[in-house]
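Close look at the chain arrangement
One letter stands for each residue in the lines below.
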Amino acid sequence: MQYTKETIEVLNDLVQINNDRISGYERAIKETEAGDDDLKILYASMIAESHRIKIALATEVQAIGGNVEQDTTAGGKIYRAWMDVKAIFGGRDRHTVLSNCEAGEDATQRAYRMALEHEHLPAYIKELLTRQKEALKESHDEIRSLRDQYA
């Protein structure tokens, strides 16, 4: 029972992180200059990615008898950095917005790394989280590459 509770908590923390990621990219879309439609499309794809990830996490939470979190990480235990990142979306130029997005992606990677460090997660959950972390790393690298183009 304790391990199930811990697994639900870890999964729900990651649901909240993906909620934060969605909010962050929604804000990035608003902060992006007119004419930077390529970035708006990229951010929309990141939002869609987090929705897919969130659905997979929520499915596992429900499968083991838990209730899925709907909020952001205000009370999350694994990671709180994304809220700070969202607060600094002040600049609107490509480099600034992409730098802020990369900082959020860095925080997401840290959160997944911390989640995977939990000893008592079932193997199939660790496999799911590893796949999600790898997909999110590809997104991180894409953001970083774009940011570097505008340094």
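The residue count restarts for each chain, going from 1 along the sequence in the order it is written. Selection of residues for local features in this predicted model requires a pLDDT of at least 70, selection of side-chain atom pairs for listing and counting requires 80 or more, and totals for whole chains, interfaces and linings are taken over all residues. Remark: hydrogens and water are excluded; side-chain values derive from all non-hydrogen atoms of the structure.

**What to know about helix 5 (residues 123–149)**
Helix and strand definitions follow DSSP, with helices as H or I runs of at least four residues and strands as E runs of at least two, each counted in order from the N terminus. Every helix has an expected span of 1.5 Å times one less than the residues it contains. Helix length check: helix 5, at 27 residues, gives a terminal C-alpha distance of 39 Å against a target of 39 Å (1.5 Å per residue), a fit within 8%. When a residue's accessible area, from a 1.4 Å probe over protein chains only, is under 20% of the maximum for its type it is buried; when over 50% it is exposed; and in between it is partly exposed. Those residues of helix 5 that sit buried are Ile125, Leu128, Leu129, Gln132, Leu136, Ser139, His140, Ile143, Leu146 and Arg147.

**What about the side chain of glutamine 109?**
By the element assignment, glutamine 109 lies in helix 4 (residues 94–116). Of the residues examined, glutamine 109 reaches a relative accessible area of 7% and is grouped as buried. Contacts between residues were defined by any pair of non-hydrogen atoms, one from each residue, lying within 4.5 Å. Setting aside its immediate chain neighbours within four residues, glutamine 109 contacts Lys133, Leu136 and Lys137.

**So, the packing of helix 2 (residues 37–63) against helix 5**
To characterise two packed helices, one gives the angle between the axes of the helices and the distance between these axes. Lines fitted to C-alpha atoms define the axes here, with helix axes fitted over just the stretch in contact, and angles between the N-to-C directions of these axes take values from 0 to 180 degrees. Direction vectors running N to C along helix 2 and helix 5 enclose 170°, while the axes themselves pass 12 Å from each other. Considering their axes alone, helix 2 and helix 5 lie roughly antiparallel with respect to each other. Between helix 2, through Leu39, Leu42, Tyr43, Met46, Glu49, Ile53, Ala56, Leu57 and Glu60, and helix 5, the contact on the second element is made entirely by Tyr124, Ile125, Leu128, Leu129, Gln132, Ala135, Leu136, Ser139, Glu142, Ile143 and Leu146. Residues are grouped as follows: nonpolar covers Ala, Val, Leu, Ile, Met, Phe, Trp, Tyr, Cys and Pro; charged covers Asp, Glu, Lys and Arg; every other residue, Gly included, is treated as polar. The class makeup of the residues in the contact of helix 2 with helix 5 is 15 nonpolar, two polar and three charged. We call two directions roughly parallel when the angle between them is under 35 degrees, roughly antiparallel when it is over 145, roughly perpendicular when it lies between 65 and 115, and oblique otherwise.

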